[in-house]
Amino acid sequence: MDPKTAKLQQQQKEETVEQTGQHQAAREFASVEEMLREDAAQTEVPPALARRVADSIAREPKPPRSWWQRWFARR
């Protein structure tokens, strides 16, 4: 590739990024959980995936009642 062409493409790429405002400042997170929460807040989940996850969770069996709930249950 011609060096002039490569330099022109790089310049055009930088201008495009500047125009769209996609530069984001680096952030430092205190914990991994904080980083994951930030990422989840910025990520849009596709509706089809959300439905599949909801269906999967609905099919999970209910946990058994604990011994004290069974012992003190009103019948």
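Presented here is an overview of the structure given in this document. (Residues numbered from 1 in each chain as written. Predicted model: local features only at pLDDT ≥ 70, side-chain atom pairs only at ≥ 80, totals over all residues. Heavy atoms only, no water.)

Attention now goes to the overall build of the protein chain. Each helix and strand counted, the protein chain has four helices and zero strands in total. Secondary structure elements in the protein chain, listed N-terminal to C-terminal, are α-α-α-α. In the protein chain, which comprises 75 residues, the proportion classed as buried is 0%. Split by element, the accessible area of the protein chain, about 8000 Å² in all, is 55% carbon and sulfur. (Helix = DSSP H or I, 4+ residues; strand = E, 2+ residues; numbered from the N terminus. Buried < 20%, exposed > 50% of the residue type's maximum accessible area, 1.4 Å probe, protein only. Areas by Shrake-Rupley, 256 points an atom, 1.4 Å probe, with all protein chains shown as cover.)

Here we come to the pattern of salt bridges. Taken as a whole and judged by the stated rule, the model has one salt bridge. A salt bridge links Glu38 to Arg27; its shortest N-O distance comes to 3.3 Å. Of this pair, Glu38 sits in helix α2 (residues 32-42) while Arg27 sits in the loop between α1 (3-20) and α2, placing them eleven residues apart in sequence. For Glu38, a relative accessible area of 26% corresponds to the partly exposed category. The exposure class assigned to Arg27 is partly exposed, which follows from its relative accessible area of 49%. (Salt bridge = Lys/Arg side-chain N within 4 Å of Asp/Glu carboxyl O.)

The next subject is the environment of Gln42. Locating Gln42 in the fold gives a position in helix α2. One polar contact links Gln42 to Glu38, side chain to side chain, over a distance of 2.6 Å. (Polar contact = N/O pair within 3.5 Å; in protein donor to acceptor, adjacent residues only side chain to side chain.)

Another point: a nonpolar patch on the surface. Residues Val45, Leu49, Val53 and Ile57 make up a contiguous nonpolar surface patch of roughly 350 Å² in combined accessible area. Within the fold, Val45 resides in the loop between α2 and α3 (47-59). (Patch = residues over 30% accessible without salt bridge, like charges linked within 9 Å, V, L, I, M, F, W, Y side chains within 5 Å.)

So yeah, pure geometry; function would need other evidence.
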